[in-house]
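# An overview of the molecular structure
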Amino acid sequence: MSRQAKHWGSALALAFTLIAPLAGHAATVLNFDDLTDGMVPAQYGGLDWSQSFLSFSDPMLFPAHSGDRLVATDWSATNDTSSIRFNQAATFQGAWFSGYEDAAVSFALFYQGQQVGSSGLLKPGSTPAFLASGYAGLVDEVRVHSAAHSGFGMDDFTFTAAVPEPGTYALMLVGLGAVGFFARRRQA
């Protein structure tokens, strides 16, 4: 095998080593079980919860879908202040809810300041039920809308971080190729 072929082989192996972890993004599920009662930390789970979300455990009123802890907006929350902001664009699958039936919940989904989607309406009950986002595109903010804020508990908030576009991979391969080319020329 020629030296040039070895260099290209090494460059391609490095490229696939760097790309492989990005290709298999799995969904992240925040179950809140590691929190204590009180405000959700502002950057919990890599998301911005700094608005009005509280962590609590009350299996009699609001059973959790998994574990024993949920989050909810406080009584002073409004639809506009009940936002969860993503630090990087993601797809949002949905979350589980339990609570009072009159606290019907839905999601409003935003990307770059524009509303891009919304979910259906879910009337919570004593058994947790999943509310799907109803939108498969990228979002950077989710707002929890409710007829009665603090009348529900939310659990297992599920999202998947965005995977770079194919053009990003191509650009990275071109860059690695250029590095290999110049390294080869330097040795000659």
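A brief structural summary. (Residues numbered from 1 in each chain as written. Predicted model: local features only at pLDDT ≥ 70, side-chain atom pairs only at ≥ 80, totals over all residues. Heavy atoms only, no water.)

## What about the overall build of the protein chain?
A count of helices and strands for the protein chain gives two helices and eleven strands. Put simply, the protein chain runs from its N terminus to its C terminus through helices and strands in the order α-β-β-β-β-β-β-β-β-β-β-β-α. Residues classed as buried in the protein chain amount to 39% of the 188 residues present. Taking the contacts inside the protein chain whose residues are at least 6 apart along the sequence as the reference set, 72% of them involve residues at least 24 apart. For the protein chain, the computed accessible surface area is about 10000 Å², with 59% contributed by carbon and sulfur atoms. (Helix = DSSP H or I, 4+ residues; strand = E, 2+ residues; numbered from the N terminus. Buried < 20%, exposed > 50% of the residue type's maximum accessible area, 1.4 Å probe, protein only. Contact = heavy atoms within 4.5 Å. Areas by Shrake-Rupley, 256 points an atom, 1.4 Å probe, with all protein chains shown as cover.)

## Quick word on unusual backbone geometry
Even without being glycine, Q112 reaches a positive phi, approximately 50°. Relative to the helices and strands, Q112 resides in the loop between β7 (105–111) and β8 (114–118). By relative accessible area, which is 62% here, Q112 ends up exposed. Backbone geometry places D156, a non-glycine residue, at a positive phi of 50°. Structurally, D156 is set in strand β11 (residues 152–161).

## Quick look at the pattern of salt bridges
Per the stated rule, a full pass over the model turns up four salt bridges. In this structure, the salt-bridge partner of R69 is D37, at a minimum N-O distance of 2.7 Å. Of this pair, R69 sits in the loop between β4 (53–56) and β5 (70–73) while D37 sits in the loop between β1 (28–30) and β2 (38–39), placing them 32 residues apart in sequence. When its relative accessible area of 11% is taken as the criterion, R69 is described as buried. Note that E141 is salt-bridged to R85, the shortest N-O span being 3.9 Å. A residue pair is termed long-range when its members are at least 10 positions apart, and E141 in strand β10 (residues 139–146) and R85 in strand β6 (residues 83–99) qualify at 56 residues. We classify E141 as buried; its relative accessible area is 9%. The class for R85 is partly exposed, based on a relative accessible area of 30%. Here the salt bridges share partners, and the residues they tie into one network are D80, R85, E141 and R143. (Salt bridge = Lys/Arg side-chain N within 4 Å of Asp/Glu carboxyl O.)

## Examining the pairing of β5
Both faces of β5 are covered, namely the face carrying L70 and A72 and the face carrying V71 and T73. As paired strands, β4 and β5 are joined by four bridges and run antiparallel to one another. Bridging across to β5, L54 finds its partner in A72. (Pairing = 2+ DSSP bridges.)

## Focus: the environment of L121
Relative to the elements of secondary structure, L121 occurs in the loop between β8 and β9 (129–132). Sequence spacing of L121 and F107 is 14 residues, and the spatial spacing of their C-alpha atoms is 8.2 Å. Non-local contacts of L121, meaning those with residues more than four positions away in its chain, are made with A104, V105 and S106.

## Some thoughts on the nonpolar core
Grouped together as the largest cluster of nonpolar side chains are 29 residues, with contacts concentrated most on W49, F86, F92, F97, F107, M154 and F157. Counting only elements with at least two residues in this core, the list comes to β6, β7, β10 and β11. The dominant element in this core, judged by the number of residues it contributes, is β6, at six residues. Look past the residues within four positions of M154 in its chain and what remains in contact with it is F32, W49, F53, L70, V71, I84, A95, W96, F97, F107 and V144. (Core = buried A, V, L, I, M, F, W, Y, C linked by side-chain atoms within 4.5 Å.)

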